[in-house]
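# Architecture at a glance
Spelled out from the first residue to the last, the chains are:
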Amino acid sequence: DAKTTQPTSMDCAEGRAANLPCNHSTISGNEYVYWYRQIHSQGPQYIIHGLKNNETNEMASLIITEDRKSSTLILPHATLRDTAVYYCIVRVEEYGNKLVFGAGTILRVKS
Amino acid sequence: GAVVSQHPSRVICKSGTSVKIECRSLDFQATTMFWYRQFPKQSLMLMATSNEGSKATYEQGVEKDKFLINHASLTLSTLTVTSAHPEDSSFYICSARRGSGGASWETQYFGPGTRLLVL
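Residues numbered from 1 in each chain as written. Chains lettered and ligands numbered in written order. Predicted model: local features only at pLDDT ≥ 70, side-chain atom pairs only at ≥ 80, totals over all residues. Heavy atoms only, no water.

## Topic: the layout of surface pockets
Reported here for the largest pocket is a volume of approximately 640 Å³. Mapped onto the lining of the largest pocket, the elements with two or more residues apiece are β8 (84-90) and β9 (105-110) of chain A. Considering each element in turn, the lining of the largest pocket owes the most residues, three residues, to β8 of chain A. Split into classes, the residues belonging to the lining of the largest pocket amount to ten nonpolar, 14 polar and two charged. Lining the second largest pocket are 18 residues, with Pro-44, Gln-45, Tyr-46 and Met-59 of chain A together with Tyr-109 of chain B positioned closest to its centre. Of all the elements in the fold, those that place two or more residues in the lining of the second largest pocket are β3 (33-38) and β4 (45-50) of chain A together with β10 (108-110) of chain B. (1 Å grid on protein atoms, 1.4 Å probe; cavity = no way out; pocket = protein on both sides within 12 Å on 5 of 7 lines; lining within 4 Å. Points joined across faces, edges and corners; volume = space filled by probe spheres on them. Helix = DSSP H or I, 4+ residues; strand = E, 2+ residues; numbered from the N terminus. Nonpolar A, V, L, I, M, F, W, Y, C, P; charged D, E, K, R; others polar.)

## Structural notes on unusual backbone geometry
Glycine aside, negative phi is the norm for most residues, and most peptide bonds take the trans geometry. All names here are of chain B. For the bond from His-7 to Pro-8, the omega torsion is 0°, close enough to zero to count as cis. At Lys-41, a position not held by glycine, the phi torsion is positive, near 65°. Following the sequence through the fold, Lys-41 ends up in the loop between β4 (32-38) and β5 (45-51).

## Side note on the packing of aromatic side chains
One pass over the structure, following the stated rule, counts twelve aromatic pairs over all chains. Their ring planes at 70° and their centres at 5.8 Å tell us that Tyr-36 of chain A and Tyr-46 of chain A sit as a pair that is edge-to-face. Separated by ten residues along the polypeptide, Tyr-36 of chain A in strand β3 and Tyr-46 of chain A in strand β4 bring together distant segments of the chain. With respect to burial, Tyr-36 of chain A and Tyr-46 of chain A carry one shared label: buried. One aromatic cluster in this structure is built from Tyr-34, Tyr-36, Tyr-46, Tyr-87 and Phe-101 of chain A together with Phe-28, Tyr-36, Tyr-109 and Phe-110 of chain B. (Phe/Tyr/Trp six-rings, centres within 6.5 Å; stacked < 30°, edge-to-face > 60°. Buried < 20%, exposed > 50% of the residue type's maximum accessible area, 1.4 Å probe, protein only.)

## Notes on the pairing of strand β7 (residues 70-75) of chain A
Residues and elements named next belong to chain A. Looking at chain direction, strand β2 (residues 18-23) and β7 are connected through six bridges and run antiparallel. Each residue of the ladder has a partner; that of Pro-21, found in β7, is Thr-72. If you look at the hairpin formed by strand β6 (residues 61-64) and β7, you'll find five residues sitting between the two strands, and Arg-68 has a positive phi there, around 65°. (Pairing = 2+ DSSP bridges.)

## Examining the environment of Asn-97 of chain A
Along the chain, the position of Asn-97 of chain A falls in the loop between β8 and β9. Separated by 65 residues in the primary sequence, Asn-97 of chain A and Tyr-32 of chain A place their C-alpha atoms 9.3 Å from one another.

Put into structure tokens, the structure is as follows:
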């Protein structure tokens, strides 16, 4: 079972920041949070991952709360091409660090 | 960035035949590869973990004799759906883990998927 909880869907205006929340209240100290997205009929695309510190790359920023029980993925300037299902995944060591996908959040970017 | 390819991208076969899907890591070596299946409007479900040079580990409920996995090299894993039936029609996606230690920080990259339709 996925260790994360995400909203089912969200809408965002094109050009605005998209903030996607994720709860992972049972996360352990050495488990990483990964974010992927899946555009319709394609394989998942890696976005970003983090452990404790906030992370930023060319695609997005990841903000992790100090207690690590939740995180937020930020797409700074959403475009129509960012419309996808976004998955927040905790890599669980006891499960061999396999990626177990939950339902994710459907992000719809609208013009 | 890391690239994972799959072939074929789409396949249609008759019921009772076998279908082989290839997964390649193009610019990195992958000790571990994974196979997922995705039905329409559902999330990805992990089928099995494939380790180079050893037998695959299957998730509960996945028939190992039906879904044959071979990971013969550090850049190639294959999934063979044997005696395919219409209920096996699905989107099959492979993933390769970059790195060799299995640590939780080693990133997995996904292929584009193979859509299988069994008639």
